[in-house]
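# Summary of structural features
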Amino acid sequence: MTDRHKQEWASLKAADADEKRAIAQEKDRTIPRTIERVKEEHKPVWGALFMRHRSELEDFRRDEKSPFGRLWHAAAVVRDRAQAGDLVGGIVAALSAEERRAVVLKQHDRERAKIGLQIREKISAQVDRIRDDHSGAMVQARHRFMRECADLRKRQDEAREALRQQWSRHNAERRTAFQTARTAVQSVERNRGKRLGRHRG
């Protein structure tokens, strides 16, 4: 019985370890798939953004060929620098074609960063949900394991108690049988002694 009980505990622990490993593996497979899915969903957004940026750079190059276009971009440079607290630097920078182009590129960088942040936040939220689900599954597995441990302990205690009672009954039967046999032997010896005593007399 002891070996069987040990085997039952080993099997229960192995099943628990297998379940937890499967839960962890599922999480490890789900996270990369989720990240890939979110990135895939946003490919059209990125594609549209890059096309618009390319178009805006083409517009910038075309506008830089006209005085009104250069003036428009120069105003954007002054406005950008003024927001940063450098109005005088903005006026000087407005005279540079590179600075005017840099304002367009800076706006593009901000837009890319904004979309990138939105994607990272969405990925982070979904990964957090997966991790929360994983944690919940692990807690449920632990509770299930503890219930199964309690059930196994109860079954084994009942089996040990049944075995103890069986041995108690067996020992009581042996004592009774021994007592009966002993009484019978004593009775036979007494009867023999009485018979032998009559023959002597």
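It should be noted that the structure appears before, not after, this text.
Because the structure is predicted, anything quoted here is derived from the model rather than measured. (Residues numbered from 1 in each chain as written. Predicted model: local features only at pLDDT ≥ 70, side-chain atom pairs only at ≥ 80, totals over all residues. Heavy atoms only, no water.)

## Digging into the overall build of the chain
Check the secondary structure of the chain and you find five helices and zero strands. Ordered by position from the N terminus, the helices and strands of the chain form the series α-α-α-α-α. When the 201 residues of the chain are sorted by exposure, 21% land in the buried category. In the chain, the share of contacts with a sequence separation of at least 24, taken over all contacts with a separation of at least 6, comes to 76%. Counting only carbon and sulfur atoms, one obtains 56% of the accessible surface of the chain, whose full area is about 15000 Å². (Helix = DSSP H or I, 4+ residues; strand = E, 2+ residues; numbered from the N terminus. Buried < 20%, exposed > 50% of the residue type's maximum accessible area, 1.4 Å probe, protein only. Contact = heavy atoms within 4.5 Å. Areas by Shrake-Rupley, 256 points an atom, 1.4 Å probe, with all protein chains shown as cover.)

## Topic: the pattern of salt bridges
Counting across every chain of the model gives 18 salt bridges. The salt bridge partner of K20 is D16, with a shortest N-O separation of 3.3 Å. Pair noted here: K20 and D16 are both in helix α1 (residues 2–41), with a separation of four residues, about one helical turn. Among the salt bridges present, the one from D157 reaches R160, with a minimum N-O distance of 2.6 Å. Separated by three residues within a single helix, D157 and R160 lie in helix α5 (residues 97–200), roughly one turn from each other. Members of the salt-bridge network, linked through shared partners, are E26, R29 and R33. (Salt bridge = Lys/Arg side-chain N within 4 Å of Asp/Glu carboxyl O.)

## Digging into the nonpolar core
Grouped together as the largest cluster of nonpolar side chains are eight residues: I31, V38, L49, I115, I119, I123, V127 and I130. Secondary structure elements with two or more residues in this core: α1 and α5. Tallying contributions element by element places α5 first for this core, with five residues. Setting aside anything within four residues of it in sequence, one finds V38 in contact with I119, K122, I123 and Q126. (Core = buried A, V, L, I, M, F, W, Y, C linked by side-chain atoms within 4.5 Å.)

## A look at the environment of E19
Turning to its location among the elements, E19 is positioned in helix α1. Among the residues examined, E19 registers a relative accessible area of 26% and is labelled partly exposed. With 119 residues separating them in the primary sequence, E19 and M138 have C-alpha atoms 8.9 Å apart. In terms of polar contacts, E19 uses its side chain to reach the side chain of R144, at 2.3 Å. (Polar contact = N/O pair within 3.5 Å; in protein donor to acceptor, adjacent residues only side chain to side chain.)

## What about the side chain of T34?
In this fold, T34 is placed in helix α1. Reaching out from T34, the side chain makes a polar contact with the backbone oxygen of T30 at a distance of 2.8 Å. If we skip the residues at most four places from it in the chain, T34 touches Q126 and I130.

Keep in mind these numbers describe shape, not what the thing actually does.
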